[in-house]
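Listed below are the residues making up each chain.
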Amino acid sequence: MKYHPFGIVGDLNDKSQSIYEEMKQRGYSRRDFMKFAATMAAFIGLESSGIAQVARAMETKQRPPVIWMHFQECTCCSESFIRSSHPIVADILLDNISLNYTETLQAASGYQAEKSLHDTIKNSFGEYILLIEGSVPMANPGYCMIGGKSAEEILNEVAEGAKAIIAWGSCASNGCVQSAKPNPTKATPIHKIIKNKRIVRVPGCPPIGEVMAGVIVHLLTFERLPELDNQGRPKTFYSRRVHDTCYRRPNYDAGLFVESWDDEGARRGFCLYKMGCRGPVTYNACGITKWNNGTSFPIQSGHGCIGCSEANFWDSGPLYKHMSSFPGFGIESNADKVGLYAAGAATAGIVAHAIATNIRKNKILDSNVQNARDVESEDLDIQ
Amino acid sequence: MKDQKTDMISSAARSKMNFRTMQRIYVFQIPTRAFHWINVLCVTSLSITGYLIADPPAILHSTEAYTLNWFGFNRYIHFVSGWVFTVNWAFRIIWGFFLGNRWEKWKNFIPTTKARWKEIKNVLLQDILLAENKQHVSIGHNALAGFTYFLLTSIIILLIFTGFGLYIGISDGWVVALLGWPSSWFGNEMFVRFLHHLLMWVILLFAMIHIYLVFFHDSVEGRGEISSIISGWKFIEEKIWRNYIGKGK
Ligand code: HEM
Ligand code: HEM
Ligand code: SF4
Ligand code: SF4
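Here the structure is a predicted model, which means the values were calculated and not measured.

1. Some remarks on the overall build of chain B
Within chain B, the regular secondary structure consists of 9 helices and 2 strands. Mapped from its N terminus to its C terminus, chain B presents α and β elements in the order α-β-α-α-α-α-α-α-α-β-α. Here chain B holds 249 residues, and 45% of them are scored as buried. In chain B, once contacts between residues fewer than 6 apart in sequence are set aside, the share between residues at least 24 apart is 67%.

Printed below as a string of structure tokens:
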């Protein structure tokens, strides 16, 4: 176990061990191991034959070296990960991370820490998995600077030799809250800096622990990235909207909506759409995997989804209204209000125009009237 | 006596007036007119159902959700109308490229010549300052109308893209994927939704002004503007028509 002020560098000296061997040492039984393999296979959406694949991979393959970097973040991704339902995830997959976490904060600083990171990069160049939590501040190289290197330089250096790069959470995937307008630190997600490698993006604030574990297990088992969508998100977890897996959905289709937090509809569990629920525009696995060992998820506890796994969710407010406010017209404005004013102005314009036309009618219609044949007056003319 | 009388009329009239003889010209063929009215129906239905999607009325029901599906049905109508709307516009766009007559072709919508820019200026003066337009020589749409239909078409395409961008979460179809993927550039479906909603207002504003202006031009010019989109025929001053043919166009 080695430390770096930005994070934890996985154990490299102990290369011979597979995950199964480590588990045995820690006193897990074969039965625990198989249960774990089955759980993970289910999470990543394999058929039952996939359980054997997962188990074999963890029996035979060495645990790859892992570097977990922290930039501008709140550490909720780490928190979520180490609390994922299966203790083995935290215990074994990333070795000692959970145990040494507090030590990380107090860890050696200065030269030693730098050297440790450097050694990892050098000794397992092209082999380590890089996990990144947090966005990179680009406004000023002084922000997050360590050992005289800006966050961007550190990232570029670490990313170069990485076998796979995973951006944990909305910070690393989309910039998250710190990149909300006006984004004072110019918080930038990883894929906008590292352009020559495919970045796996696992958004969410935080992402679900089981989803994080699932992505890593997939990487270990198949030694390649899981299938990704066009935003780089693993399809297994991010191809469906929260809305499509929400147990309140029948109320949505029935048009039964909560109108205020304390009404009869709220008590009866109606749909939270009109309270600003972002489920219809949010791709995440909350409705299926749920949170805290499958206990519940926000909508189940009566609060709408805030769309935490979507880019710019922080600027798509107000969070408790269905419609976004209209940029430049204040918080309470939305497309309908602006549209109604515009329609009102148009109506006024049309009415004014019609009145003006009628007042000037004779002049405007002059040529038409003059050039047209008005039989009645012609007849009068003759008589 | 009778002959004398007619002579008298015409000579009397002629001395006082300069008759404007109109030429009847078939400008909008059936497919274009069908497109127009199908479009009007779709826009109406999409705007009503779309508005309800954004802001459904409050109802409290004493039974459970499974007994009702009105909101689902409303969305269903929106999607069906959305498909008809899309196919209808796709048809009109293709018609304008390859099949339509000279007044239905896209060339007629985009002001590429100086003469058309001049006409735009004149129509603007006519519409805004209520000036008399002596140089309104177009036979199909006037140059300004044509240009706004072209701009409208761009808005419609964006509306269709954002609509399918929201639909993509619901369907696996390849047409949906094709029309929906441009919206992924926005990065966030909340914004796609906002844009889709906002564009509805742009269309509604266009419709208000459009309907008013066709009435205005109809009454001011006396060329049968409104009936042209129903019957296909417009009435053009013979002078303009002769000039048009004379140029060999
Ligand atoms: C004149 C054309 C259209 C108008 C005026 C219109 C209007 C609207 C409006 C106002 C909304 C509600 C947005 C919100 O929640 O703020 C909406 C939603 C939607 N529209 Fe349209 N729309 C049009 C065309 C289309 C087309 C061509 C499609 C594609 C099939 C489409 C698909 C959708 C979808 C999928 C939704 C979201 C429905 C949901 O999540 O339940 N729309 N539309
Ligand atoms: C009852 C309402 C409407 C009436 C009476 C009406 C009437 C007309 C008329 C008379 C024309 C021919 C104008 C010209 O020569 O420049 C026309 C063309 C057109 N109108 Fe409308 N309109 C109505 C509603 C709408 C709506 C709601 C839309 C779209 C949102 C629309 C879109 C168009 C377009 C795109 C054209 C060009 C047609 C083509 O060349 O294919 N109209 N309309
Ligand atoms: S509560 Fe939210 S996610 Fe669930 S059905 Fe309603 S809008 Fe969709
Ligand atoms: S329900 Fe929505 S806001 Fe809540 S955790 Fe899931 S994606 Fe994030």
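2. A short note on the coordination of the iron atom of ligand 2
Residues and elements named next belong to chain B. The iron atom of ligand 2 binds to the protein through His36 (NE2) and His210 (NE2), with metal-donor distances spanning 1.9 to 2.0 Å. Viewed at the metal, the 6 donor atoms of the iron atom of ligand 2 are separated by angles of 87 to 179°, and the geometry they form is octahedral. One end of the pair, His36, is in helix 2 (residues 30-54); the other, His210, is in helix 7 (residues 189-221), with 174 residues separating them in the sequence. The pair His36 / His210 is uniform in exposure class, with both members buried.

3. Some points on the state of the cysteines
Residues and elements named next belong to chain A. On inspection of all chains with the given rule, the structure shows 0 disulfides over all chains. Of the cysteine sulfurs around Cys144, a residue in no disulfide, the closest is that of Cys171, at 11 Å. No disulfide involves Cys176; its nearest neighbouring cysteine sulfur is the one of Cys205, lying 3.9 Å away. Residue classification places Cys176 among the buried residues on the basis of a relative accessible area of 2%.

4. A word on the site of ligand 1
Lining the immediate environment of ligand 1, one finds 25 residues, of which His322(A), Arg75(B), His78(B), His196(B) and His197(B) sit closest. Nearby residues around ligand 1 are contributed by chains A and B. Between a nitrogen atom of ligand 1 and a side-chain N or O atom of His196(B), the distance comes to 2.7 Å. Elements that contribute at least two residues to the shell around ligand 1 include exactly helix 2, helix 3 (70-99), helix 5 (143-167) and helix 7 of chain B.

5. Structural notes on the packing of aromatic side chains
Summed over the entire model, instances satisfying the criterion amount to 33 aromatic pairs over all chains. Taken together, a centroid distance of 5.0 Å and an interplanar angle of 75° make the contact between Phe79(B) and Tyr167(B) edge-to-face. Placement of the pair is Phe79(B) in helix 3 and Tyr167(B) in helix 5, with a sequence separation of 88 residues. Cluster of aromatic residues (ring-pair linked, three or more members): Tyr252(A), Phe257(A), Tyr273(A), Trp70(B) and Phe71(B). Cation over ring: Arg24(B) sits above Trp233(B), and NZ or CZ is 4.0 Å from the ring centre. Between the NZ or CZ atom of Arg92(B) and the centre of the ring of Phe35(B), over which it lies, the distance is 5.9 Å.

6. Concerning the pairing of strand 4 (residues 129-133) of chain A
Residue and element names in this part refer to chain A. Taking burial as the measure, the 5 residues of strand 4 include 5 buried ones, the bulk of the element. Alternating residues of strand 4 divide into Ile129, Leu131 and Glu133 and Leu130 and Ile132, and every residue in both groups is buried. Pairing analysis gives 5 bridges linking strand 3 (residues 66-70) to strand 4, with the strands arranged parallel. What sits directly across from Met69, in strand 4, is Ile132.

7. A closer look at helix 9 (residues 238-246) of chain B
Residue and element names in this part refer to chain B. For helix 9, the complete set of buried residues consists of Ile240, Trp241 and Tyr244. The arc that holds the buried residues of helix 9, viewed along the axis, is 100°, so those residues lie on one side. The exposed residues of helix 9 that point more than 90 degrees off its buried face are Lys239, Arg242 and Gly246.

8. Topic: the interface of chain B and chain A
Chain B puts 55 residues into the contact, and the matching count from chain A is 60 residues. For the pair chain B and chain A, the summed buried area comes to about 4,900 Å², and 58% of that belongs to carbon and sulfur atoms. Here chain B is connected to chain A by 2 salt bridges. Of the charged contacts, one joins Arg75(B) and Asp253(A) as a salt bridge, the two residues approaching to 3.8 Å between their closest N and O atoms. At the boundary of chain B with chain A, the tally comes to 16 residue pairs in polar contact (both at pLDDT 80 or more).

9. Quick notes on the confidence of the model for chain A
On average, residues of chain A score 82 in pLDDT, and 83% of them reach the 70 mark or higher. Low confidence marks residues 96-106 of chain A, where pLDDT is under 50. Its contacts with residues over four positions away, or in another chain, come to 15 contacts.

10. Focus: the pairing of strand 6 (residues 164-168) of chain A
Residue and element names in this part refer to chain A. For strand 6, a buried count of 5 out of 5 residues is recorded, marking the element as mostly surrounded by other parts of the structure. The alternating pattern of strand 6 places Ala164, Ile166 and Trp168 on one face and Ile165 and Ala167 on the opposite face, and all of these are buried. Sheet topology places strand 4 next to strand 6; 5 bridges connect them, and they run parallel. The residue of strand 6 that forms the bridge with Leu130 is Ile165.

The rules we used
Residues numbered from 1 in each chain as written. Chains lettered and ligands numbered in written order. Predicted model: local features only at pLDDT ≥ 70, side-chain atom pairs only at ≥ 80, totals over all residues. Heavy atoms only, no water. Helix = DSSP H or I, 4+ residues; strand = E, 2+ residues; numbered from the N terminus. Buried < 20%, exposed > 50% of the residue type's maximum accessible area, 1.4 Å probe, protein only. Contact = heavy atoms within 4.5 Å. Donors = N, O, S within 2.8 Å, 3.2 Å for Na, K, Ca; no water. Tetrahedral: all angles 85-135°; square planar, octahedral: opposite > 155°, others 65-115°. Disulfide = S-S within 2.5 Å. Near = heavy atom within 4 Å. Polar contact = N/O pair within 3.5 Å; in protein donor to acceptor, adjacent residues only side chain to side chain. Phe/Tyr/Trp six-rings, centres within 6.5 Å; stacked < 30°, edge-to-face > 60°. Lys NZ or Arg CZ within 6 Å of the ring centre and 35° of its normal. Pairing = 2+ DSSP bridges. Arc of directions from axis to C-beta. Buried area = accessible area lost by both parts, 1.4 Å probe. Salt bridge = Lys/Arg side-chain N within 4 Å of Asp/Glu carboxyl O. pLDDT = per-residue confidence, 0-100.

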